[in-house]
Amino acid sequence: MIYFIGAGPGAPDLITLRGARLLSKADLVIYAGSLVNPELLTLCPPTCTCLNSASMTLEQVTDAMQACPGETIVRLHTGDPSLYGAIREQMEILDRLGLPYEVVPGVSSMSAAAAALRAEYTLPSVSQTVIISRMAGRTPVPEREQIRSLARHRTTMVLFLSIAMLPDLCHELISGGYPPDTPAAVVYKASWPEERVIRGTLSDLPEKAADIRKTALVLVGDFLSGPGERSRLYDPGFTHAYREATE
Ligand code: SAH
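Residues numbered from 1 in each chain as written. Predicted model: local features only at pLDDT ≥ 70, side-chain atom pairs only at ≥ 80, totals over all residues. Heavy atoms only, no water.

## Structural notes on the overall build of the chain
Along the backbone of the chain there are seven helices and 10 strands. In terms of its C-alpha atoms, the chain occupies a principal-axis envelope of roughly 60 × 50 × 35 Å. Burial analysis of the chain (247 residues in total) assigns 43% to the buried set. Partitioning the contacts of the chain with sequence separation of at least 6, the portion at a separation of at least 24 is 64%. As presented, the chain carries roughly 13200 Å² of accessible surface, and 52% of it is formed by carbon and sulfur atoms. (Helix = DSSP H or I, 4+ residues; strand = E, 2+ residues; numbered from the N terminus. Buried < 20%, exposed > 50% of the residue type's maximum accessible area, 1.4 Å probe, protein only. Contact = heavy atoms within 4.5 Å. Areas by Shrake-Rupley, 256 points an atom, 1.4 Å probe, with all protein chains shown as cover.)

Shown next, in the form of structure tokens:
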């Protein structure tokens, strides 16, 4: 069986119990070496073969999987594999080859970044929507999803794979509709020992975070500003399925 496993954002104890259990009985692990914490590989049995996919092509990855019939194979992806994980192309090849697989979710870096910021992405009356996107780089972004047009909604935004283009990104966000003083933050290597959090606004963040070039998320929106309205869920005057109003 082949398991696509979310390794979590970096801290080795942020993998799921299911992911850790499967690693501990793996015969072959193919891990995304650029971002997966190598400490996780210490969970593998001594007999396990570990391959770093950073220098491999898609075909080399799926060939390696195919070469181990009957064994427990783990494809270890950073964060949660459903976000910028390039897993679908692997699953399509495995479907064609008739090889069975399962996906084990993981803690995304976007969750670890919110934890580092001690922030909640969705706040009553501030934003109930999170847009997850990226700047176009060598990987294109469909025209209708350009940052400038997404910015029009002024939701909470989480931007992956864009830190190297931070000045352009902030420019696009402001051109699209966010006021220049909108709170924004960069979280570098969330949950790693070298984690850094830089807070600012869309206008000063490019300068404040100029030395950060990779492995970072950009977070944008008023959810990063001071105290706001409280939720209705825990409001004493609000009745819901599990609690009667007391006020
Ligand atoms: N599937 C992953 C994202 C893979 S794309 C997830 O769910 O997190 C790789 C990008 O994710 C990086 O360029 C960076 O923008 C972000 N990233 C991954 N790990 C990170 C971390 N620990 N802290 C901040 N950003 C991270």
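Picking up where we left off.
## Re the site of the ligand
In the vicinity of the ligand, 18 residues are found, and the nearest of them are Asp80, Leu83, Ser109, Ala190 and Ala216. Contact between the ligand and Thr78: a nitrogen atom at 3.0 Å from a main-chain N or O atom of the residue. Separating a nitrogen atom of the ligand from a backbone N or O atom of Asp80 is a distance of 2.8 Å. If the ligand stood free it would expose 540 Å²; the protein chains cover 94% of that surface. Considering only residue class, the shell around the ligand consists of 11 nonpolar, five polar and two charged. The residues that make up the shell around the ligand include at least three from each of domain 1 (2–104) and domain 2 (109–224). (Near = heavy atom within 4 Å. Polar contact = N/O pair within 3.5 Å; in protein donor to acceptor, adjacent residues only side chain to side chain. Nonpolar A, V, L, I, M, F, W, Y, C, P; charged D, E, K, R; others polar. Domains from an automatic or database assignment.)

## Some words on the environment of Arg232
Within the element layout of this structure, Arg232 appears in the segment after strand E10 (216–220). Discounting residues that sit within four places of it in the chain, Arg232 has contacts with Phe238 and Arg243.

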